[in-house]
Amino acid sequence: MIERITLTGGRGKDGRAEQVASVDFAMGNVVSIVGPTGSGKTTLISDLELFADGSTPTGRRVLIDGVTPPAEYREDPSQNPIALITQHTSFLSDLPVGDFLRIHAGVRSRDGVVAEAVVSQTLAFANQLTGEPVLPALRMTELSGGQTRALLIADAVVIGNAPIILLDEIENAGIHRMKALELLRQYRKIFVFVTHDPYIPLLSDFRVVMAAGAMTKVIRSGEAERRLAQRVRVADDLLAGFRERIRSGGEFSADELEAVA
Amino acid sequence: MKLAICAGPATCGKTSVLRHTTRKLLARGSRVAFLKIDVQYAEEDEELAREFGIPTKKVYSGELCPDHCNVMVLGEALEWAEREAADVLLVETAGLCLRCSPYVDGGLGIVVLEATSGMNLPRKIGPMLSLADVAVVTKIDRVSQAEREVFRARILDAAPDIRVREVNALHGIGIDPLVERMRATPDVCGELTLRGNPPVGTCTICVGKKTVGWKSHFGVVRPLENQTFYRGE
Ligand SMILES: Nc1nc2c(ncn2[C@@H]2O[C@H](COP(=O)(O)OP(=O)(O)OP(=O)(O)O)[C@@H](O)[C@H]2O)c(=O)[nH]1
Ligand SMILES: Nc1ncnc2c1ncn2[C@@H]1O[C@H](COP(=O)(O)OP(=O)(O)OP(=O)(O)O)[C@@H](O)[C@H]1O
Ligand SMILES: [Mg+2]
Ligand SMILES: [Mg+2]
Ligand SMILES: [Zn+2]
């Protein structure tokens, strides 16, 4: 069982050593990676996914429980403890969702026998993440962006059972991110969110701040930030309410916000 | 001379894989020669010659199945590579008919499959996969991890002893183990023999009789509902 991943600092875009010399991700941690566009957030998690060994452009290294990860991690995706889900990851197979989940669960089970419970648990998980229901009879290629992302996450968590899950800007993809955070917290895993969202970082255990390709700071979210997060949530719910009304054809007056606040 | 034969469906990433392999082999001091066998069009030879300054050649198989063409030309290709002072010959060949396979005993057989091709591909391509030593899976950057796992499991169903190597051939990620495997392959020597049996080719259709329906033919025939059988003397 993995307890800790260490990412040791390399160089930023200017070639100088990163300010943060090393970051530890402990099992159970929820971590956010923040920073402006182009600051190297995606590059950082791809270093994690590739088990960087000093040969990627950043020169970073990944250690698992203090040692260099074994080659099997890279060779066999079912041995790989890291699942990466990005805005662009998608399904290509044209199978019904239920069939595909059964096939994947079959590959994962030692004896080829598929517990139907695993399939229904995966679907139930996905359906808590997205508004439009993911039904077993839908074809995978028919799914919307939000449904696809929800199913990818559910599959990685439940069937793949990956201990480390990397999520690149899933908030833009029609996922209930509060719900996702609550649900994911119930599993003891390392979750790394690359995000432009104001809420997820405040509820994370810590966040890594990126600038010009380098890790510049690690900020632990204390009690104050968690309380702030609750208030951000209220504001966020308010906006979510507006979004929902706009989507469903609502019309507004100029002082609508004051009325709610 | 080391020999690696790389087969795979059109546009699966064979050249991309061999380009990264060539770069890494050259960096480790190997002297690479490249042969492309295709049916009617290819420009890899010019590209790789330009990029790396290595000796390259192409052969159009035309009427022949490219794998059959490979059988015809491979011996002379090794002599050519020898004259060019190479110590590794990389052969890229299109696997088209799906009944043949181009690999020879003593050489390294590499099949390239794209992860984006659908999960049933490994079940469809016969000896091109089952007789290879290494299956290189490309375009893993385009599919979900779940589908990668299923794809890999299906490759191993079709070819239990094969080594599966997943790569992103666009960026050259995952190529190193393939390069090491090539370097560890012994030199080919003596008479080369094809690893698989070629499909039966002597039937009355092959010799030009065009009437449709198995009852009009002799030799190895195949009705719709039954297995292939021999009809005639
Ligand atoms: N995203 C992605 N694209 C790839 C990868 N490998 C190859 N490609 C792309 O796929 C296309 C075909 O690649 P080639 O290497 O030319 O394929 P090939 O098998 O040599 O093709 P033919 O010789 O024409 O049959 C090119 O546009 C490549 O850039 C990969 O791992 N990921
Ligand atoms: N340490 C580094 N050294 C060299 N190049 C880097 C480094 N970090 C990032 N880059 C390069 O900078 C570019 C932008 O990085 P990246 O895509 O990771 O940014 P991002 O923070 O994810 O941006 P966005 O918010 O727009 O998704 C990429 O081309 C990447 O290769
Ligand atoms: Mg990004
Ligand atoms: Mg090619
Ligand atoms: Zn053939």
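One can find the structure itself at the top, above this paragraph.
Residues numbered from 1 in each chain as written. Chains lettered and ligands numbered in written order. Predicted model: local features only at pLDDT ≥ 70, side-chain atom pairs only at ≥ 80, totals over all residues. Heavy atoms only, no water.

Tallying secondary structure elements over chain A gives nine helices and nine strands in all. What you see for chain A is a C-alpha radius of gyration of 20 Å, in line with the 18 Å of a compact globule of 261 residues. A principal-axis box enclosing the C-alpha atoms of chain A has dimensions of 55 × 50 × 30 Å. The buried share among the 261 residues of chain A stands at 49%. Taking as baseline every contact in chain A between residues at least 6 positions apart, the subset at least 24 positions apart corresponds to 65%. Accessible surface, chain A as shown: approximately 12,300 Å² in total, 53% of it carbon and sulfur. Here chain A carries 28 positive and 33 negative side-chain charges, and the mean point of each set is 5 Å from the other. (Helix = DSSP H or I, 4+ residues; strand = E, 2+ residues; numbered from the N terminus. Rg over C-alpha atoms; globule rule 2.2 N^0.38 Å. Buried < 20%, exposed > 50% of the residue type's maximum accessible area, 1.4 Å probe, protein only. Contact = heavy atoms within 4.5 Å. Areas by Shrake-Rupley, 256 points an atom, 1.4 Å probe, with all protein chains shown as cover. Lys, Arg positive; Asp, Glu negative; His and termini not counted. Charge placed at Lys NZ, Arg CZ, Asp CG, Glu CD.)

Turning next to the environment of N161 of chain A. Residue and element names in this part refer to chain A. Positionally, N161 belongs in the loop between α5 (145-159) and β6 (164-168). Considered as a pair, N161 and A83 are 78 residues apart in the sequence and their alpha carbons are 9.2 Å apart. Each residue touching N161, except ones within four places of it in the same chain, is listed here: D155, A156 and K189.

Let's shift gears to the packing of helix α3 (residues 97-108) of chain A against helix α4 (residues 116-129) of chain A. Residues and elements named next belong to chain A. Two elements in contact, α3 and α4, have axes whose closest approach is 10 Å; the angle formed by their N-to-C orientations is 125°. In this view, α3 runs oblique relative to α4, as classed from their interaxial angle. Crossing geometry of α3 relative to α4 is assigned as right-handed. Contact with α3, carried on its side by V97, G98, L101 and R102, involves E116, V119, T122 and L123 of α4 and no other residues of that element. Along the lines of polarity and charge, the residues of the contact of α3 with α4 split into four nonpolar, two polar and two charged. (Axes fitted to C-alpha atoms, helices over the stretch in contact; angles between N-to-C directions. Parallel < 35°, antiparallel > 145°, perpendicular 65-115°, else oblique. Left-handed = near helix turned anticlockwise from the far one by under 90°. Nonpolar A, V, L, I, M, F, W, Y, C, P; charged D, E, K, R; others polar.)

This part covers the sheet that holds strand β2 (residues 22-26) of chain A. All names here are of chain A. The three strands are arranged β2-β1-β4 in an open sheet whose pairing can be described as antiparallel. Of all strands in the sheet, those bounded by a partner on one side alone are β2 and β4 (61-64). Averaged over neighbouring strand pairs, the angle between their axes works out to 20° when direction is ignored. Relative to β4, strand β1 (residues 4-8) is paired through four bridges, and the arrangement is antiparallel. Note on β4: the bridge partner recorded for T6 is L63. Sheet strands in contact with helix α1 (residues 41-49) are β1, β2 and β4, and its direction is about 125° off that of β1. (Pairing = 2+ DSSP bridges.)

Read these as geometric descriptors, not functional statements.
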